[in-house]
Structure formats: C-alpha cells, structure tokens
Amino acid sequence: MGRTLQPYSIQIDLIEERFGKFRRTLRREDQLLFDQLFRYARKQLQAGVLAASPNPFDSMALSMLIELQRQIGFLQQEMKRLAPEASNKDERT
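Predicted model, so just to flag it, every value in this text is computed and none were measured.

### A closer look at the packing of aromatic side chains
For step 1, the next point in the chain: In this structure the tally under the stated criterion is 4 aromatic pairs.
For step 2, the next point in the chain: Each ring, one from Phe 19 and one from Phe 22, has its centre 6.3 Å from the other, and the planes form 80 degrees; the classification is edge-to-face.
For step 3, the next point in the chain: Phe 19 sits in the partly exposed class, given a relative accessible area of 26%.
For step 4, the next point in the chain: The interplanar angle of 40 degrees and the centroid separation of 4.9 Å between the aromatic rings of Phe 34 and Phe 38 together place this pair among those described as tilted. Placement of the pair is Phe 34 and Phe 38 together in helix H3 (residues 28–43), with a separation of 4 residues, close to one helical turn. Each member of the pair Phe 34 and Phe 38 is classed as buried.
For step 5, the next point in the chain: Feature note: the residues Phe 19, Phe 22, Phe 34, Phe 38 and Phe 57 constitute an aromatic cluster, connected by ring pairs.

So, in structure tokens, the structure goes:
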C-alpha cells in the first residue's frame, strides 16, 4: 500500500501555521499581502490536490505565481485599453 498524504487544504493550513512567526514580524501591510498569497494558494485547491506532491509548498508557490501573473496580464490589458484615452486627454490640455 502507498503512503497516504494529508489533504491538501490541511497541508496549506500547516504551512501557513509554520510561517506564523514570519508573518507576525512583517509590517501590517505586508501581513495583508502574505494573507492574500495564501488565499491565492487556496484558490487553486483542485490543482494542488491532483498534483499530490510530497512537497505541497511547490504547488502553493506555483498557484501564487499563476494568480500574480493573471493580475499582471489584466493590468497590462487595462493599460493598453486606457493608453489611447490618456494620450487624447494630453493632447486636449
């Protein structure tokens, strides 16, 4: 029989708990960012479960990076969309 792994959601909780001292030493605004990164990891829960990696932090880190990349892409598209409007305003003033 194979070795069983703890549920991925519990592994995330344990890792977050392990970084508890690190989190407490962060500035308040950085604690909020820390918490946001863990929410990103939980957002990709299904992928982490299916990966069933012996090191769940790998899946968590990739989930965090995917979400950050998604936000960068969104912001780049918004910048492209708004750039013509901004240049038109500059020409009028």
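Once the structure has been displayed, the description carries forward.
### Things to note about the environment of Ala 41
For step 1, the next point in the chain: Relative to the assigned elements, Ala 41 resides in helix H3.
For step 2, the next point in the chain: Residue Ala 41 is classed as buried on the basis of its relative accessible area of 0%.
For step 3, the next point in the chain: Ignoring anything within four residues of it in the chain, the contact list for Ala 41 reads Tyr 8, Ile 12, Met 60, Ser 63 and Met 64.

### Details of the packing of helix H1 (residues 8–18) against helix H5 (residues 56–92)
For step 1, the next point in the chain: Where H1 meets H5, the closest approach of the two axes is 10 Å, and the angle between their N-to-C directions is 85 degrees. As judged from the angle between their axes, H1 and H5 are roughly perpendicular. Where H1 abuts H5, its residues Tyr 8, Gln 11, Ile 12 and Ile 15 lie against Pro 56, Phe 57, Ser 59 and Met 60.
For step 2, the next point in the chain: The class makeup of the residues in the contact of H1 with H5 is 6 nonpolar, 2 polar and no charged.

### Concerning the side chain of Gln 11
For step 1, the next point in the chain: Looking at where Gln 11 falls in the secondary structure, it is placed in helix H1.
For step 2, the next point in the chain: Setting aside anything within four residues of it in sequence, one finds Gln 11 in contact with Leu 5, Gln 6 and Pro 56.

What counts, and where the lines are drawn
Residues numbered from 1 in each chain as written. Predicted model: local features only at pLDDT ≥ 70, side-chain atom pairs only at ≥ 80, totals over all residues. Heavy atoms only, no water. Phe/Tyr/Trp six-rings, centres within 6.5 Å; stacked < 30°, edge-to-face > 60°. Buried < 20%, exposed > 50% of the residue type's maximum accessible area, 1.4 Å probe, protein only. Helix = DSSP H or I, 4+ residues; strand = E, 2+ residues; numbered from the N terminus. Contact = heavy atoms within 4.5 Å. Axes fitted to C-alpha atoms, helices over the stretch in contact; angles between N-to-C directions. Parallel < 35°, antiparallel > 145°, perpendicular 65-115°, else oblique. Nonpolar A, V, L, I, M, F, W, Y, C, P; charged D, E, K, R; others polar.

So, to be careful, I would describe these as geometric facts and stop short of saying anything about function.
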